[in-house]
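Tertiary structure, described
Here is what each chain is made of, one letter per residue.
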Amino acid sequence: MFHRFFPSLLAALIAGCASVELPRLPGARDEPPTARVPAAPSADSGKLKPMPLRTFTVSTQCSFKDETGNFGKATVDVQDSKVRALAVELVMPRRGTCRYDLTQFRQTQALPSVELAGGRDCRIRMWEQGETITVSFANCPQHCNPASATDYVWPLLIDRPTGQCD
């Protein structure tokens, strides 16, 4: 059986190594492929405009459970991009728990996104994207038990019209 299979395999390997010469288009130049990437439209063309800086407001007390079994609850109150209340508990079964409370942070930025700074370069950031408010957590192992649970923390998504979170 091997003697029937081997010639077919050998032919396939040789064919895979062959190169095909493609016809050249009139006026084509010899350039490296990276040189042919089209440039992004300039802001002067009027097609791209910067997003306007604007504040957002959200107020919710919500709880969630996702498809992986993680669950949590949150109280978030932001008025005109000023954080008035924040308490988030995220539980990752068999991984740990993370808790974030506004008393452990100070607001350092309101625009273009909200930023809260905690100890040891811990940051909580919030921004609006359509009808969703995203709350992200970065470099905050001191708020998790065990500290390694921070590796499993995902951003909290809040649906602004309904107040539901995920």
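Residues numbered from 1 in each chain as written. Predicted model: local features only at pLDDT ≥ 70, side-chain atom pairs only at ≥ 80, totals over all residues. Heavy atoms only, no water.

Description of the sheet that holds strand β3 (residues 82-92)
Strand order in this open sheet of five strands is β1-β2-β3-β4-β9, and the pairing throughout is antiparallel. Pairing within the sheet leaves two strands with one partner each, and these edge strands are β1 (58-65) and β9 (144-145). The pairing of β3 with strand β4 (residues 96-101) spans six bridges and is classified as antiparallel. Its bridge partner lying in β4, Glu89 is registered against Arg99. (Pairing = 2+ DSSP bridges. Helix = DSSP H or I, 4+ residues; strand = E, 2+ residues; numbered from the N terminus.)

Let's talk about the nonpolar core
Core analysis: the largest hydrophobic core is formed by 31 residues, its most contacted members being Leu86, Tyr100, Ile124, Met126, Phe137 and Leu156. Taken together, the elements giving at least two residues each to this core come down to β1, β2 (71-79), β3, β4, β6 (114-117), β7 (123-129), β8 (132-138) and β10 (156-159). No other element matches β3, which puts five residues into this core. Those residues within four positions of Tyr100 in sequence are excluded, and the remaining contacts are Leu86, Ala87, Val88, Leu90, Phe105, Ile124, Phe137, Cys140, His143, Cys144 and Val153. (Core = buried A, V, L, I, M, F, W, Y, C linked by side-chain atoms within 4.5 Å. Buried < 20%, exposed > 50% of the residue type's maximum accessible area, 1.4 Å probe, protein only. Contact = heavy atoms within 4.5 Å.)

So, the environment of Thr57
Along the chain, Thr57 turns up in the loop between α1 (2-17) and β1. When its relative accessible area of 33% is taken as the criterion, Thr57 is described as partly exposed. With sequence-adjacent residues up to four places away left out, Thr57 is seen in contact with Val78, Gln79, Asp80 and Arg160. A polar atom in the side chain of Thr57 sits 3.1 Å from the backbone nitrogen of Asp80. (Polar contact = N/O pair within 3.5 Å; in protein donor to acceptor, adjacent residues only side chain to side chain.)

What about the state of the cysteines?
As used here, a disulfide is simply a covalent bond connecting the sulfur atoms of two cysteines. Under the defined criterion, the tally for this structure stands at three disulfides. At a sulfur-sulfur separation of 2.0 Å, the disulfide partner of Cys98 is Cys144. Taking the torsion about the S-S bond as the criterion, the Cys98 to Cys144 disulfide, at about 110°, is right-handed. Of the two residues, Cys98 sits in strand β4 while Cys144 sits in strand β9, which places them 46 residues apart along the sequence. (Disulfide = S-S within 2.5 Å.)

Let's talk about the pattern of salt bridges
Scanning all chains against the criterion turns up nine salt bridges. When the shortest N-O distance is used, the salt bridge between Glu89 and Lys73 registers 3.9 Å. Residue Glu89 is located in strand β3, and its partner Lys73 is located in strand β2; the two are separated by 16 residues in the primary sequence. Ionic pairing is found between Glu89 and Arg99, a salt bridge with its closest N-O pair at 3.0 Å. Here Glu89 is found in strand β3, whereas its partner Arg99 is found in strand β4, with ten residues between them in sequence. When salt bridges that share partners are traced, they join Arg54, Glu128, Glu131 and Arg160 into one network. (Salt bridge = Lys/Arg side-chain N within 4 Å of Asp/Glu carboxyl O.)

Side note on the sheet that holds β8
With antiparallel pairing, five strands are arranged side by side in an open sheet as β5-β6-β7-β8-β10. Looking at the sheet topology across the chains shown, the edges are occupied by β5 (106-109) and β10. Averaged over all pairs of adjacent strands, the angle between their axes in this sheet comes to 25°, without regard to strand direction. Taken together, the three bridges between β5 and β6 define a ladder with antiparallel strand orientation. Each bridged residue has a counterpart across the sheet, and for Arg106 the counterpart in β6 is Ala117. (Axes fitted to C-alpha atoms, helices over the stretch in contact; angles between N-to-C directions.)

Brief notes about the side chain of Thr134
Looking at the secondary structure, you find Thr134 in strand β8. When residues no more than four places from it in sequence are discounted, the contact partners of Thr134 are Arg125, Met126, Trp127, Pro155, Leu156 and Leu157.

Re the packing of aromatic side chains
By the definition in use, this model includes one aromatic pair. On the basis of an interplanar angle of 20° and a centroid distance of 4.2 Å, the ring pair of Tyr100 and Phe137 is categorised as stacked. With Tyr100 in strand β4 and Phe137 in strand β8, this residue pair connects regions lying 37 residues apart in the sequence. Since its relative accessible area comes to 14%, Phe137 is described here as buried. (Phe/Tyr/Trp six-rings, centres within 6.5 Å; stacked < 30°, edge-to-face > 60°.)

Nothing here speaks to function; it is geometry throughout.
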